[in-house]
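Inside the fold
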Amino acid sequence: MTTTTRDRTRTRMQWTLGLMALVPTISGVQQVLLGAQAVPANSSEVSASIDGELRYANVFKAAVGPIILSRLGTVEDSPAVTAALGTVFIGGLARLWSWKQTGRPHSIGIVAIALEVGVVPVILAWRRRFAIHGAGSR
């Protein structure tokens, strides 16, 4: 991989991850502040315990974005980015499990599942391929 190609690919990867990192951050902060009211569909009828758990769990979702954003300079080989993306993927699997147990989520939830379970593994593979093929060009 030439240095110019490597630089362009790295920049694309940084932008992709940067934009993707905004999604859980914004969503997580919104759900921390608004609780179940921030969840699409009729979600205002939840117990105080469920609302508290939702807000608590969303603190972690909101933290994923800043972790990724802080490591964009080492995007191709950052263990923190790998861990954050892996966590997002596992969260998507948890959503799939919920779908199976409780029924189809709102369409926004389906889009989230597609990003988490479909797009995240592609990004992880892209990062790995870039790190392997670009290693000689550093």
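Our subject in this report is the structure included herewith. Everything numeric here is computed off the predicted structure, so don't read it as measured data. (Residues numbered from 1 in each chain as written. Predicted model: local features only at pLDDT ≥ 70, side-chain atom pairs only at ≥ 80, totals over all residues. Heavy atoms only, no water.)

Attention now moves to the side chain of Gln31. By secondary structure assignment, the location of Gln31 is in helix α1 (residues 3–34). A residue is classified by how much of its surface remains accessible, and Gln31, at 10% relative accessible area, is buried. When neighbours within four sequence positions are excluded, Gln31 is seen to be in contact with Ala38, Val39, Leu54, Arg55, Asn58 and Lys61. (Helix = DSSP H or I, 4+ residues; strand = E, 2+ residues; numbered from the N terminus. Buried < 20%, exposed > 50% of the residue type's maximum accessible area, 1.4 Å probe, protein only. Contact = heavy atoms within 4.5 Å.)

Our next topic: the environment of Val29. Residue placement: Val29 occurs in helix α1. Here the alpha-carbon distance between Val29 and Val59, two residues 30 residues apart in the chain, equals 7.1 Å.

A few words on the pattern of salt bridges. Tallying each qualifying case throughout the model produces 4 salt bridges. Here Glu76 ties to Arg6 by a salt bridge, and the two come within 3.5 Å at their closest N and O atoms. With Glu76 in the loop between α2 (48–70) and α3 (79–102) and Arg6 in helix α1, this residue pair connects regions lying 70 residues apart in the sequence. Note on Glu76: relative accessible area 8%, which makes it buried. Look at Arg6 and you get buried, because its relative accessible area is 6%. One salt bridge connects Arg10 with Glu76, and the closest N-O pair in it is separated by 3.0 Å. Of the two residues, Arg10 is situated in helix α1 and Glu76 in the loop between α2 and α3; the sequence distance between them amounts to 66 residues. (Salt bridge = Lys/Arg side-chain N within 4 Å of Asp/Glu carboxyl O.)

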